[in-house]
Amino acid sequence: FATHRIWGYLVAQLLGAFVALVFEYKLSGSIFVPDISAEDQVLFICALEVLFTFVLCYVFLATRTVKHLRESQLYGVILGLTLVGLTSMGG
């Protein structure tokens, strides 16, 4: 990743998040706000999010860089199963 491309990537991510926010508002009439109760540990929730994101990125990169997986269509199934597993655990 070239250093001069970081700002474009950052802007694209923020723009994508904003478009998703507008889309959610148009569909439901409200903005999604996570309901975190007083007994929830915010640090634990953030650490879990970082861990799940790492797992998802690791699986994606592993399936796209391993030669015998890259040439097959299994990477989509593997990535989909990873997403299902992470969301079923609360991700």
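Look above for the structure.
Because the structure is a prediction, the values reported are computed rather than measured. Along each chain, numbering runs from 1 in the same order as the chain's sequence is written. Since the coordinates come from a predicted model, pLDDT governs what is reported: local features require at least 70, and pairs of side-chain atoms require 80 or more to be given and counted, while whole-chain, interface and lining totals use all residues. Excluding hydrogens and water, the side-chain values take into account all heavy atoms of the structure.

Undergrad: I would appreciate a short explanation of helix α2 (residues 42-65) in the present structure.
TA: Owing to its 3.6 residues per turn, the α-helix brings residues three or four apart onto one side. Helix and strand definitions here come from DSSP, where helices need a minimum of 4 consecutive H or I residues and strands a minimum of 2 consecutive E residues; each element is numbered from the N-terminal end. Here the expected length of a helix is defined as 1.5 Å per residue gap, with one fewer gap than residues. Under the 1.5 Å per step criterion, the end-to-end length of α2 is 34 Å for 24 residues, consistent within 8% with the ideal 34 Å. Buried means the residue's accessible area, taken with a 1.4 Å probe over protein chains only, is under 20% of the maximum for its type, while exposed means over 50%, and partly exposed covers the values in between. Within α2, burial applies to Phe52, Val59 and Thr63. What makes two residues a contact is simply this: any of their non-hydrogen atoms within 4.5 Å. Buried residues along α2 sit in contact with α3 (67-70) and α4 (74-88).

Undergrad: Please clarify how the environment of leucine 69 should be interpreted in this entry.
TA: Its location among the elements puts leucine 69 in helix α3. Judged by its relative accessible area of 18%, leucine 69 is buried. Distance in space between the C-alpha atoms of leucine 69 and leucine 15 is 32 Å, their sequence separation being 54 residues. Ignoring any residue separated from it by four or fewer positions in sequence, one finds leucine 69 in contact with Thr63, Leu74, Tyr75 and Ile78.

Undergrad: Even after reading the chapter, I still don't get the environment of arginine 64, so can you show me in this structure?
TA: Residue position: arginine 64 is located in helix α2. Accessibility expressed as a relative area gives 27% for arginine 64, which makes it partly exposed. Placed eleven residues apart in sequence, arginine 64 and tyrosine 75 show a C-alpha to C-alpha distance of 7.1 Å. The residues contacting arginine 64, other than those within four sequence positions of it, are Arg70 and Tyr75.

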